[in-house]
Amino acid sequence: MRTECLIWDWNGTLLDDVALCNDCLNQLLEAHGYPQRYDRAGYRAVFGFPIIDYYRRAGFDFSRHPFPDLAAEYIRLYDPASLACPLASGAPEALAAAGAAGLRQGILSASEQGALERQVRHFGLPGFFDELLGQGDFYAHGKLEAGRAWLARRRLDPAAAVLVGDSLHDAEVAAAYVKGYEERHYKDLYEDERPVKWTDISSYGTQNLGVPRAWIRENPLVSEAIKPLVSETDYC
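Residues numbered from 1 in each chain as written. Predicted model: local features only at pLDDT ≥ 70, side-chain atom pairs only at ≥ 80, totals over all residues. Heavy atoms only, no water.

Novice: How should I be thinking about the overall build of the protein chain in this particular structure?
Specialist: In terms of regular secondary structure, the protein chain is built from ten helices and six strands. The proportion of buried residues among the 236 residues of the protein chain is 48%. Considering only contacts in the protein chain between residues 6 or more positions apart, those separated by 24 or more positions represent 69%. For the protein chain, the exposed area adds up to about 11700 Å²; of that, 55% sits on carbon and sulfur atoms. (Helix = DSSP H or I, 4+ residues; strand = E, 2+ residues; numbered from the N terminus. Buried < 20%, exposed > 50% of the residue type's maximum accessible area, 1.4 Å probe, protein only. Contact = heavy atoms within 4.5 Å. Areas by Shrake-Rupley, 256 points an atom, 1.4 Å probe, with all protein chains shown as cover.)

Novice: Can you help me understand the packing of helix 1 (residues 18-31) against helix 4 (residues 67-82) in this one?
Specialist: To characterise two packed helices, one gives the angle between the axes of the helices and the distance between these axes. Closest axis-to-axis distance for the helix 1/helix 4 pair is 10 Å, and the angle between their directions is 140 degrees. It follows that helix 1 is oblique to helix 4 by the angle criterion. For the crossing formed where helix 1 meets helix 4, the hand is right-handed. Contacts between helix 1 and helix 4 involve Leu20, Cys21, Cys24, Leu25, Gln27 and Leu28 from the former and Leu70, Glu73, Tyr74, Leu77, Tyr78, Ala81 and Ser82 from the latter. Broken down by class, the residue content of the contact of helix 1 with helix 4 amounts to ten nonpolar, two polar and one charged. (Axes fitted to C-alpha atoms, helices over the stretch in contact; angles between N-to-C directions. Parallel < 35°, antiparallel > 145°, perpendicular 65-115°, else oblique. Left-handed = near helix turned anticlockwise from the far one by under 90°. Nonpolar A, V, L, I, M, F, W, Y, C, P; charged D, E, K, R; others polar.)

Novice: How do you make sense of helix 7 (residues 144-153) when you look at a structure like this?
Specialist: Note that an α-helix has 3.6 residues per turn; residues three or four places apart therefore point the same way. Burial in helix 7 covers these residues: Gly147, Trp150 and Leu151. Here the buried residues of helix 7 occupy an arc of 100 degrees about the axis, which is enough to place them on one side. Looking at helix 7, the residues exposed on the side facing more than 90 degrees away from the buried face are Glu145 and Ala152. Looking one or two residues past helix 7, arginine 155 carries a phi angle of roughly 55 degrees, positive in sign. (Arc of directions from axis to C-beta.)

Novice: How do you make sense of the pairing of strand 3 (residues 131-135) when you look at a structure like this?
Specialist: Looking down a regular strand, the side chains alternate between one sheet face and the other. Of all five residues in strand 3, four are buried; the element is thus mostly enclosed. Where strand 2 (residues 104-112) and strand 3 come together, four bridges link them in parallel fashion. Bridging across to strand 3, isoleucine 107 finds its partner in leucine 132. You can see the chain leave strand 2, run along helix 6 (residues 113-122) and come back into strand 3, and the turn it takes is right-handed. (Pairing = 2+ DSSP bridges. Right-handed = clockwise from strand over helix to strand, strands pointing away.)

Novice: I'm lost on the side chain of serine 111 in this one. Help?
Specialist: With respect to the helices and strands, the residue serine 111 is situated in strand 2. The class for serine 111 is buried, based on a relative accessible area of 14%. At a separation of 2.7 Å, a polar atom in the side chain of serine 111 contacts the side chain of asparagine 11. Leaving out residues up to four positions away in the same chain, serine 111 has contacts with Asn11, Leu116, Gly134 and Gln135. (Polar contact = N/O pair within 3.5 Å; in protein donor to acceptor, adjacent residues only side chain to side chain.)

Novice: Which parts of the structure should I look at to understand the confidence of the model for the protein chain?
Specialist: Low-pLDDT portions of the prediction should not be read for the details of their coordinates. Looking at the protein chain as a whole, the pLDDT averages 76, with 70% of positions reaching at least 70. Mean pLDDT per element in the protein chain: strand 5 (residues 195-202) is the minimum at 42, and helix 1 is the maximum at 97. Below a pLDDT of 50 lies the segment residues 180-190, which in the model reaches 21 contacts outside its immediate sequence neighbourhood of four places, other chains included. Long-range and interchain partners of residues 193-236, a stretch whose pLDDT sits below 50, account for 97 contacts in this model, where long-range means more than four residues apart. (pLDDT = per-residue confidence, 0-100.)

Novice: Honestly, the nonpolar core in this entry has me stumped. Any pointers?
Specialist: Note that soluble globular proteins tend to have their nonpolar side chains buried in a common cluster. Trp10, Tyr55, Phe60, Ile107 and Phe129 are the most contacted members of the largest nonpolar core, which totals 42 residues. Residue contributions to this core peak at seven residues, all from helix 1. Among residues more than four places away in sequence, those in contact with phenylalanine 129 are Trp8, Leu14, Leu95, Gln105, Gly106, Ile107 and Val120. (Core = buried A, V, L, I, M, F, W, Y, C linked by side-chain atoms within 4.5 Å.)

Novice: I keep staring at the packing of aromatic side chains and nothing clicks. Help me out?
Specialist: For any pair of aromatic rings, geometry is given as the distance between the ring centres together with the angle between the planes. Evaluated as defined, the whole model comprises eleven aromatic pairs. Ring geometry for tyrosine 43 and phenylalanine 47: centres 5.6 Å apart, planes at 35 degrees, overall tilted. Given the relative accessible area of 6%, tyrosine 43 is considered buried. An aromatic cluster is present here, built from Tyr34, Tyr43, Phe47, Phe49, Tyr54, Tyr55, Phe60, Phe62 and Phe67 joined pairwise through their rings. (Phe/Tyr/Trp six-rings, centres within 6.5 Å; stacked < 30°, edge-to-face > 60°.)

Laid out in structure tokens, this is it:
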């Protein structure tokens, strides 16, 4: 199946704001008297979704500092400073090339909808996207259902979409969409012996391999996070 659309993550993928997010975390910790500070590697190790769990891993005590208060403080630090962040290297060129190739594009973000729209406008990018999919609050629970609803509304098969992101949550979202495709096309995927394209999400990065369907059926290492992909489709 031919790829028809790109679904982009925003924070950390198109917008290079990782350093700012790391700094805002450390500012929150300092403001509330916590001794720990995180360098870039430490930040990446504790970050994840939902954001409330990330704050727990970072060491915040919600009995002393409730999560909604911390989230509001974080946004007050992050929002104005985010407009000074650069776009990821090559991002405008990639968006332009995808548009020129006739691909539909959208952003699927855990950011609050208004904040996402302001940032995208600031960088002059709205014209590249069919839709900006943010969240209804600042708590960044995740984005699985928002993306699923968008695909259904646009009548797009997940097998025709490429999800581009930088976090494990992005991989989880992509795997969930592929699982839905897999369930609808079980016979083609598991009873046909022709090779299938496979995305291996591992510590070595994303690798696209051609493997027989029999291997998929028989391999005990197949997990919810690693699913077969068909035809010319890649999930990143």
